[in-house]
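Given next are the chains, with one letter for each unit.
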Amino acid sequence: MSGAEVRVSSPAKINLSLGVGPVRDDGYHPLATVYQAVGLYDEVVVRATDGSPVLTVSGEGVDVAEVPTDGSNLALRAVAALGDHHGRELPVELHVHKRIPVAGGLAGGSTDAAAALLGADVLFGLHTPREELLGLAATLGSDVPFCLVGGTALGGGRGEVVTPVMTRGEYWWVVVPDSGGLSTPAVYREFDRLHGDDPAPDPEVPDELLAALRAGDAVRLGAALVNDLEPAAVSLRPDLLHLLRAGRQGAALGALVSGSGPTTVFLCDGPVHAEEVDRTLRSEQGTRPAIVVKGPVPGARVTGGHR
Ligand code: ATP
């Protein structure tokens, strides 16, 4: 079977709302979030090999210097977890082609893991039941199950309990990458520090946000976007505040730090508005050219290959 390969395309996510509760005894924070998968994809090629597992990475408009190529890469860990689950070796060569900014709060590593799980499952003909694949995904990271499911979904637990949400229409986003990354654990530590002895309340998803999604109303959605990690991300990166203010005071329908940041996202009412917002942010805020995407899109999908 050496030489056989499967190609998988897997999307970035943004959190339309991200409610974060007080840290649990196991060190995780409980989350109540609404994820949306957006049309910005990493591609993962899973190839059968006779040798030991290898991973290579390339980038398209993305700096991949910080992406590990050893066994700590989430995509390789995903294949190892699938092999353990089936009690067999899954000798693979992985190639990850990244378009999703690294350490940007867009679940790049998580979506590569979802792609590798799906790709290896198909390549080796394992037919792992969906529930088991989702269970394995949850052991790899809180965002990995959502990256398999895609669309728009509620995330409970620490984010890994995924329930699809009814939405109408499509939503256009200007995604502004940032040259610096923010470490997710550092942002959570800052969240805890800012709360001090005054613990965060139990996390919730705003009813208004779900109602806006059901109605397909981008204006209402823009006003309901919320991220409890924003104060922590802004505390570590105060410059993000100007950008968010510019988005909120007229340029866009709403603005958010994406997940733990530092990527920021701006909701627009269509592709023309999105180009305008990108231009305004570049000329007034000096941002790098943005990536314009729409959501929701499906989760990880096999796009090609040969056996
Ligand atoms: P999330 O939104 O899930 O918190 P993120 O988008 O902020 O994640 P990632 O792009 O997943 O961040 O990268 C976080 C770190 O994970 C990187 O700095 C890198 O060291 C490590 N990593 C492991 N595997 C991968 C991968 N396949 N792609 C990118 N980073 C990876």
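Thresholds applied
- Residues numbered from 1 in each chain as written.
- Predicted model: local features only at pLDDT ≥ 70, side-chain atom pairs only at ≥ 80, totals over all residues.
- Heavy atoms only, no water.
- Salt bridge = Lys/Arg side-chain N within 4 Å of Asp/Glu carboxyl O.
- Helix = DSSP H or I, 4+ residues; strand = E, 2+ residues; numbered from the N terminus.
- Buried < 20%, exposed > 50% of the residue type's maximum accessible area, 1.4 Å probe, protein only.
- Near = heavy atom within 4 Å.
- Polar contact = N/O pair within 3.5 Å; in protein donor to acceptor, adjacent residues only side chain to side chain.
- Areas by Shrake-Rupley, 256 points an atom, 1.4 Å probe, with all protein chains shown as cover.
- Nonpolar A, V, L, I, M, F, W, Y, C, P; charged D, E, K, R; others polar.

### Overview of the pattern of salt bridges
Reasoning step 1: The full count for this structure, using the stated rule, is 15 salt bridges.
Reasoning step 2: For the salt bridge of R47 with E93, the shortest nitrogen-to-oxygen distance reads 3.8 Å. Placement of the pair is R47 in strand β2 (residues 31-48) and E93 in strand β4 (residues 92-98), with a sequence separation of 46 residues.
Reasoning step 3: Classification of R47 as partly exposed rests on a relative accessible area of 29%.
Reasoning step 4: Linking D239 and R237 is a salt bridge whose minimum nitrogen-to-oxygen distance equals 2.7 Å.
Reasoning step 5: Assessed through its relative accessible area of 42%, D239 is described here as partly exposed.
Reasoning step 6: Connected via shared salt-bridge partners are E5, R7, R47 and E93.

### Focus: the site of the ligand
Reasoning step 1: Neighbouring residues of the ligand: 19 residues in total, closest A103, G105, A107, G109 and D143.
Reasoning step 2: In this structure, G108 approaches the ligand through a main-chain N or O atom, which is 3.4 Å from an oxygen atom.
Reasoning step 3: In the model, an oxygen atom of the ligand is placed 2.8 Å from a nitrogen or oxygen of the G109 main chain.
Reasoning step 4: Within the complex, 79% of the 620 Å² of free accessible area of the ligand lies under protein.
Reasoning step 5: Broken down by element, the residue count for the shell around the ligand peaks at four residues, all from helix α2 (residues 108-123).
Reasoning step 6: Of the residues contributing to the shell around the ligand, the split by class is seven nonpolar, seven polar and five charged.

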